[in-house]
Structure formats: structure tokens, C-alpha cells
Amino acid sequence: MPELPEVETIKRQLLKEVIGKKIKEVELRLPKLAYFEGFKGDGSTGSPQAAKNFKKNLEGAKIGKADRAAKILILTLSNDYTLLVHLKMTGQLIYRAKNGKMRRGGHPWPPAAVEVPNKWTHIIFHFVDGSKLYFNDLRQFGYMKLVKSDELAEQKEIRKLGIEPFDKNFTVELFSKMLKCHAKAKIKPLLMDQNFISGIGNIYADESLHYAGILPTRPAGKIKPEEVKRLYQGIKIILKKSIAKGGTSSDTYVTLSGQKGGYEKYLKVYGREGKKCLRCGGIIKRIKLGGRSAHFCPDCQG
DNA sequence: TATATTGTTACACC
DNA sequence: TGGTGTAACAATAT
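Residues numbered from 1 in each chain as written. Chains lettered and ligands numbered in written order. Predicted model: local features only at pLDDT ≥ 70, side-chain atom pairs only at ≥ 80, totals over all residues. Heavy atoms only, no water.

J.: Any chance you could break down the protein's contact with DNA strand C for me, citing the residues and the numbers?
T.: Near DNA strand C lie 13 residues; those nearest to it are Lys-32, Arg-139, Gln-140, His-182 and Lys-184. Counted by atom, the contact set of DNA strand C within 4 Å of the protein is 65% sugar and phosphate. Here His-182 contributes a side-chain N or O atom positioned 2.8 Å from a phosphate oxygen of DNA strand C. Between DNA strand C and the protein, one listed contact pairs a phosphate oxygen with a backbone N or O atom of Ala-185 at 3.4 Å. (Near = heavy atom within 4 Å. Polar contact = N/O pair within 3.5 Å; in protein donor to acceptor, adjacent residues only side chain to side chain.)

J.: Report on the packing of aromatic side chains, specifying residues and quantitative values.
T.: For the structure on display, the rule yields 5 aromatic pairs. The interplanar angle of 35 degrees and the centroid separation of 5.9 Å between the aromatic rings of Phe-36 and Tyr-81 together place this pair among those described as tilted. With Phe-36 in strand S2 (residues 34-36) and Tyr-81 in strand S5 (residues 81-86), this pair connects stretches of sequence that are 45 residues apart. The two residues Phe-36 and Tyr-81 agree in class, both being buried. Ring geometry for Phe-170 versus Tyr-232: centroids 5.2 Å apart, planes at 40 degrees, classification tilted. Separated by 62 residues along the polypeptide, Phe-170 in the loop between helix H3 (156-159) and helix H4 (172-181) and Tyr-232 in helix H7 (residues 225-244) bring together distant segments of the chain. (Phe/Tyr/Trp six-rings, centres within 6.5 Å; stacked < 30°, edge-to-face > 60°. Helix = DSSP H or I, 4+ residues; strand = E, 2+ residues; numbered from the N terminus. Buried < 20%, exposed > 50% of the residue type's maximum accessible area, 1.4 Å probe, protein only.)

J.: Now, about the protein's contact with DNA strand B: what can you tell me, with residues and values included?
T.: The environment of DNA strand B is made up of 14 residues, and the closest members are Lys-71, Met-89, Lys-288, Arg-292 and Ser-293. Taking the atoms of DNA strand B that fall within 4 Å of the protein, sugar and phosphate contribute 60% of them. Interatomic distance of 2.9 Å between a side-chain N/O atom of Arg-292 and a base nitrogen of DNA strand B. The side chain of Ser-293 places a nitrogen or oxygen atom 2.9 Å from a phosphate oxygen of DNA strand B. Those elements giving two or more residues to the surface near DNA strand B turn out to be H3, strand S11 (285-289) and strand S12 (292-296). Of the residues assigned to the surface near DNA strand B, the class counts are 2 nonpolar, 4 polar and 8 charged. (Nonpolar A, V, L, I, M, F, W, Y, C, P; charged D, E, K, R; others polar.)

J.: How would you summarise unusual backbone geometry if you had to cite specific residues and measurements?
T.: Within the chain, Lys-88 stands out as a residue other than glycine whose phi angle is a positive 45 degrees. Relative to the helices and strands, Lys-88 is located in the loop between S5 and strand S6 (91-96). For Gln-140, which is not glycine, the phi dihedral falls at a positive 60 degrees.

J.: Requested: an account of helix H1 (residues 4-14), with residues and values cited.
T.: Of all 11 residues that make up H1, 8 are buried, and the element is covered over most of its length. Those residues of H1 not exposed but buried are Leu-4, Pro-5, Glu-6, Val-7, Glu-8, Thr-9, Ile-10 and Leu-14.

J.: Lay out the sheet that holds strand S9 (residues 132-137) in plain terms, naming residues and giving numbers.
T.: Taken in spatial order, the 5 strands line up as S1-S8-S9-S6-S7 in an open sheet, and their pairing is antiparallel. One side of each edge strand has no neighbouring strand; the edge strands of this open sheet are strand S1 (23-28) and strand S7 (102-106). Across the sheet, the axes of successive neighbouring strands diverge by a mean angle of 15 degrees, strand direction being ignored. Strand direction decides the pairing type here: S6 and S9, joined by 6 bridges, are antiparallel. When the bridges of S9 are listed, Leu-93 appears paired with Phe-135. Each of S6, S7 and S9 is contacted by H1, which is oriented at about 165 degrees to S7, the strand it contacts most. (Pairing = 2+ DSSP bridges. Axes fitted to C-alpha atoms, helices over the stretch in contact; angles between N-to-C directions. Contact = heavy atoms within 4.5 Å.)

J.: Which residues make up the nonpolar core, and what values do they have?
T.: In terms of nonpolar packing, the biggest core is built from 35 residues, with Phe-54, Leu-93, Ile-123, Phe-125 and Met-144 touching the most fellow members. Examining the composition of this core, we find that 4 residues originate from one element, helix H2 (residues 48-58), more than from any other. Those residues in contact with Ile-123, other than ones at most four positions away along the chain, are Val-26, Glu-27, Leu-28, Leu-33, Ala-34, Leu-133, Tyr-134, Phe-135 and Met-144. Listed in part, the 28 residues of the second largest apolar core include Ile-163, Met-192, Tyr-204 and Ile-238. (Core = buried A, V, L, I, M, F, W, Y, C linked by side-chain atoms within 4.5 Å.)

J.: Can you explain the packing of H1 against H7? Please cite residues and give values.
T.: Remark: H1 packs on H7, axes separated minimally by 9 Å, with the N-to-C direction vectors making an angle of 35 degrees. Seen from above, H1 lies across H7 with right-handed handedness. Along the contact surface, H1 presents Leu-4, Pro-5, Glu-6, Glu-8, Thr-9 and Arg-12, while H7 presents Leu-239, Ser-242 and Ile-243. Each residue belonging to the contact of H1 with H7 can be placed in one class, and the counts come to 4 nonpolar, 2 polar and 3 charged. (Left-handed = near helix turned anticlockwise from the far one by under 90°.)

Written out as C-alpha cells, the structure is:
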């Protein structure tokens, strides 16, 4: 489930391969994952017209630059359009150069050994030089959305996003104010709220709170200044370290033997229910919070 | 069969 | 009214 570090890794390691390439053909195997200007529910997907527009405006265009906003990848095209890609939980992007070299980012299933395209390959970009970009998604939650470049900022999935953790304006003072604005909200669901801060999902919310020694259920307004500072530092340190390791759940590889995202072995609480806390030896617990599972150590998080 | 997962939306509550 | 919480939904492998 790609979060900020995984999406950033994909942007840096995978999308750099397609920059400057010209799209020859777009193969839409599952048209409902392709949006053209509107959003789900307003008839912009699934209609023959949306699919036609999606294809028409991509084919012949060159890929310009690659950006990221929260967990969304943004590809600026040489024409007036911009492509948004959200991998949600199980999306993958796979690039295959014409010499067969591959790069893959996103959910680790299906594993590297499975040939592409396969039954989970829903959209294929064929480039003029013979290389290809595959969009795979097991659960079909992800999407690709083509919008007018000058309307990018107005898109609802971009417009409401909270501040990026690495934005220079995101200071501990601002973070403290933000928490006070939502004094009664439980800290973990708040951290995961994309309209509060961009890019933090379940893994990094759990890890950041463990780093700071704060229980996921604590009301945001009851967190003491020194804890706010630790949490602020924890978010940045953990995200940065994960980016440096190539993300947690994304397996990005160059060869078929491949390597997993390197952050997995640094996880302190996520997915470690019943195991010993690596800091104090307590037993990691898992509870349901806001419809998601929260992992924490009851002994050293208070 | 129940579960896991994200982001959005709908709706209840105070 | 708006902050908060809960549930449903999309889909499918385990």
C-alpha cells in the first residue's frame, strides 16, 4: 500500500525512465479505471466517450515532468493535459525498457516472477521507442485521471490536500497549531487524514506515534509540547529514512531477481502484533481505530 | 466466511 | 454549524 515514501520512490526511480518519451498507443483493458476530467459518479468513467477522450489526448503526447502530491503521482504532458495516478492499496506501475530491463513499484503482489501483462494489468502505455508502462491493480481501487493542466489545482483530490510533511512551511509551531484546531480528534486518524497532512497512511502513522511515545487514541489537544515536537520530528525522520531505503511495501527492482523495499526491517510496531516492543520489551497490541488497525506498545506509548 | 486495505461520501451525534 | 465518529463502498486473494 504505497504511502508517501513509496510513491516518492516510484516517482524518482521509475517515472524518470519515461520522461521525454512519446506515447504511441494507450491500451485500455479496464476502462473504468481511466477518468477524463470529472470524477467517479459523474459519468466521467466507464462511458465510451471518457475512454475515447482519455486515449485521444494521451496518444501522441510526450511525458514532461513527474511530481507527487500526497500519494498521487502527477505526470505533466507536452500537450495541455496532466495525468494523475493513484495506486491506492494494490496498484503497481511497471516499466519495461525495449531491452527488457524492468522497474516495478507499488504493491508487492503479484510478485516479481509473474510476467506482465497479466490478468491484473489494466492500462498499458506503449511508447514510440518500444518501451512500455503497465498499470496493474489487484483490487481495482486505483485510477488514472487525465485533466487539463491549468485545472490541476482545482481537482478535488488535489485541492483539499493538507500540507506536505517536507514543505518548508511545515514547522513544529504550525503543527502544534494544527493539532489545537482539532483538539478532540484522536491523533492517529488525524495523522492519516489527507486533508490534515499529505501522504501519511497506516504504516507511518503507527511508526511515528511509536517513535514519539504517544498512544494512537490520544486526543490531539492533549498532547504536550515536548510530545508534539517528538511527533513532528518522528514523522520527518521516519518518512525520510523510508524514502532513503526505497519505501516499505514497494518492491522496486531492476532485475528479475529483484529486491524488496528496504524499510520493512526497520518497522517497530506495524505488523508486529504480539511481538516484543524493540524499545521496551512490551507486547505490541493491535486495535481497530477509525476502521483501520492501529499497532502500538501499551508500555512505552502513553 | 471473515478479513485486509484507501480515500471518499453519507449520515448520526453533540 | 461544524467537528467528530462510524459505516459503507469499490474488489479479490488469502
